[in-house]
Amino acid sequence: MDKILTNTATELSKKLESGEITSVQLVAKYLEHIEEIEPTIKAFITITKEQALRDAQASDQRRKEGKPLSKWDGIPIALKDNLSTKGVKTTCGSLMLENYIPPYDATVVERLKNNGLIILGKTNMDEFAMGSSTESSAFYPTRNPKNISKVPGGSSGGSAACVAAYEVPWALGTDTGGSVRGPASFCGVIGLKPTYGSVSRYGVVSYASSLDQVGWFTRSVGDAAALFQLISGYDPKDSTSVKVEDISSLESSVTGGVEGLTIGVIKECFGEELNPQVCRSVRASVEKLKEAGANIVEISLPFADIAIETYYIISTAEASSNLARFDGVRYGLRVPAEDVVSMFTKTRSQGFGEEVKRRIILGTHVLSAGNYDKYYRKAQKIRTAMKKEFTKVFEQVDLLITPTTPTTAFGFGEKQDPLHMYITDIYTVIVNLIGAPAISLPCGLDKESMPIGLQIIGKHFDEKTLLQAAHTLENLLDQEVEM
Ligand code: GLN
């Protein structure tokens, strides 16, 4: 593999600008590497080779004429396969959408294109973003580039794996309960989930609309900040989109330190489910932040203990409603049958996999007349109480810290019981329930050399402080490696 492929997008941008490499050369190198390792990693569902080379050529032409669209013009990227791409298959990892070609681009995709980024392909995922390992993709599982006998995490496992395997410098995913942060932690890359409402969901296939957010994988905090600046911002096509202020200075702001910041360590996230090696690593990083001048306090958030139950009631309820549109009439698969009701039934029974069906049944159950008050309404009340609790905590602290996942990446087939799989997201779902921004960054390795991830949670719309602290920790940990 050519060493240039290990560069961050920021470094590549400089090389394109100085003329050290052209976009066509860069894209060709990535494609060559993809061809070589994809049979092993299987991070992609679709590789848009020809289009990527044509787009790279156009980018080089713009640069030659002195008219690049942005600093990122000519840099490759990959997209999770639930982000609508005009003219390019968007499967959601499901047989239901196996041959579905959207007639329009998601807003985030449009923004990337408007900045001249080159899309290399669409990445593998758990079916309809439901899962924590990418094993529930209808097509094939993706392997963790750090150890191919392990899962890459999910549901955005393909995007995490392709960044970790140097198939692209960065990639977009989605995070409903941890699907960016979890795989980032398992694959040893950075994963950012921005504040709910800061990045448009228009054109993102819905799983649970009140929790879904586009997020991304990068190999540096600076790149994570750059992508935020690129694709966040108000979108009239998404009714939950909010005007984000003051993002113009974000990239440069990630250079500040943590001195004077108060960081809360959530006590409930260091319980007995936490692997001792993960615990040690996260605690050691907290210590480093303290040495760098942060004020560390222990915080108790009793609601953290019931976040997973609350999340699975709300997310499945919303999923059962969102997925009602896949009925063989409007999109994707249609299994012909003698009458319309059997057509619905056969289409949904053949088009959806086991996990998706489980969620639809659970969601329908918690929304049904007899159970609504008992489950759904109660979960919503807990969600409101959680938000209040967080608001109170954030009056005392600037940021919160937890491990990203209770363990490092596990082996294929290890979590047969769905409940064991659900527990993987125990520390991440809480962030989606309250809508805050959070980042996962690699903070060490376990005995088997698998990456450990640490999660930092920020205040709503305060990506700036979040990225600043993440950047500081990234530097502190880098120095450690160098020593
Ligand atoms: N693993 C969680 C779930 O299955 C989160 C998924 C996600 O964030 N898309 O619901």
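Look up: the structure comes first, before these words.
A. Spatial organisation of the site of the ligand. Inspection of the region around the ligand gives 15 residues, with Gly177, Ser179, Tyr207, Tyr311 and Asp425 positioned closest. Burial of the ligand by the protein chains amounts to 100% of its free accessible area of 290 Å². Spatially, the ligand is embedded in the largest cavity. Of the residues that constitute the shell around the ligand, the class distribution is five nonpolar, seven polar and three charged.

B. Up close: the state of the cysteines. By the definition in use, this model includes zero disulfides. Free of any disulfide, Cys269 has its nearest neighbouring cysteine sulfur in Cys279, separated by 11 Å. Of all cysteine sulfurs in the structure, the one in Cys443 sits closest to Cys279, which takes part in no disulfide; the separation is 11 Å.

C. How the structure looks around the packing of aromatic side chains. In total, this model carries 13 aromatic pairs according to the counting rule given. The interplanar angle of 90° and the centroid separation of 5.6 Å between the aromatic rings of Phe186 and Phe410 together place this pair among those described as edge-to-face. A residue pair is termed long-range when its members are at least 10 positions apart, and Phe186 in helix 6 (residues 181–187) and Phe410 in the loop between strand 9 (399–403) and helix 14 (418–423) qualify at 224 residues. As far as burial versus exposure is concerned, Phe186 and Phe410 are alike and both buried.

D. Molecular detail of the pattern of salt bridges. Inspection of every chain in the model, using the stated rule, returns 15 salt bridges. A salt bridge links Lys49 to Glu35; the shortest N-O distance between them is 3.7 Å. With Lys49 in helix 3 (residues 49–64) and Glu35 in helix 2 (residues 23–41), this pair connects stretches of sequence that are 14 residues apart. By relative accessible area, Lys49 is classed as partly exposed at 34%. For Asp373, the salt bridge is made with Arg377, and the minimal N-O distance between the two is 2.7 Å.

Analysis parameters
- Counting from 1, residues in each chain are numbered in the order their sequence is written.
- Local features in this predicted model are restricted to residues whose pLDDT is 70 or higher, and side-chain atom pairs enter the listing and the counts only when it is 80 or higher, whereas totals over whole chains, interfaces and linings include all residues.
- The basis for every side-chain value is the complete set of heavy atoms in the structure, and neither hydrogens nor water enter the calculation.
- Residue proximity to a molecule or strand is established when one non-hydrogen atom of the residue lies within 4 Å of it.
- To be clear on the numbers: accessible area is Shrake-Rupley with a 1.4 Å probe, and residue cover counts the displayed protein chains and nothing else.
- Any residue with an atom within 4 Å of a point lines the site, the site being either a cavity, points on a 1 Å grid over the protein atoms alone where a 1.4 Å probe fits but cannot get out, or a pocket, an open set with protein on both sides within 12 Å along at least 5 of 7 lines.
- Here the criterion for a molecule occupying a pocket or cavity is that more than half of its atoms lie within 2 Å of the pocket grid points.
- Following the grouping adopted for this structure description, the nonpolar residues are Ala, Val, Leu, Ile, Met, Phe, Trp, Tyr, Cys and Pro, the charged ones are Asp, Glu, Lys and Arg, and the polar ones are all others, Gly among them.
- We call a pair of cysteine sulfur atoms a disulfide whenever their separation is within 2.5 Å.
- Stacked, tilted and edge-to-face are the three classes applied to pairs of Phe, Tyr and Trp rings, where Trp contributes its six-membered ring and a pair requires centres within 6.5 Å; stacked means planes under 30 degrees apart, edge-to-face means over 60, and tilted covers the rest.
- Secondary structure elements follow DSSP: runs of H or I of four or more residues count as helices, runs of E of two or more count as strands, with numbering from the N terminus.
- Three labels apply to residues, based on accessible area from a 1.4 Å probe with only protein chains included: buried if under 20% of the type maximum, exposed if over 50%, partly exposed otherwise in between.
- Within this document, salt bridges are pairs made up of a side-chain nitrogen of Lys or Arg and a carboxyl oxygen of Asp or Glu, the two lying within 4 Å of each other.

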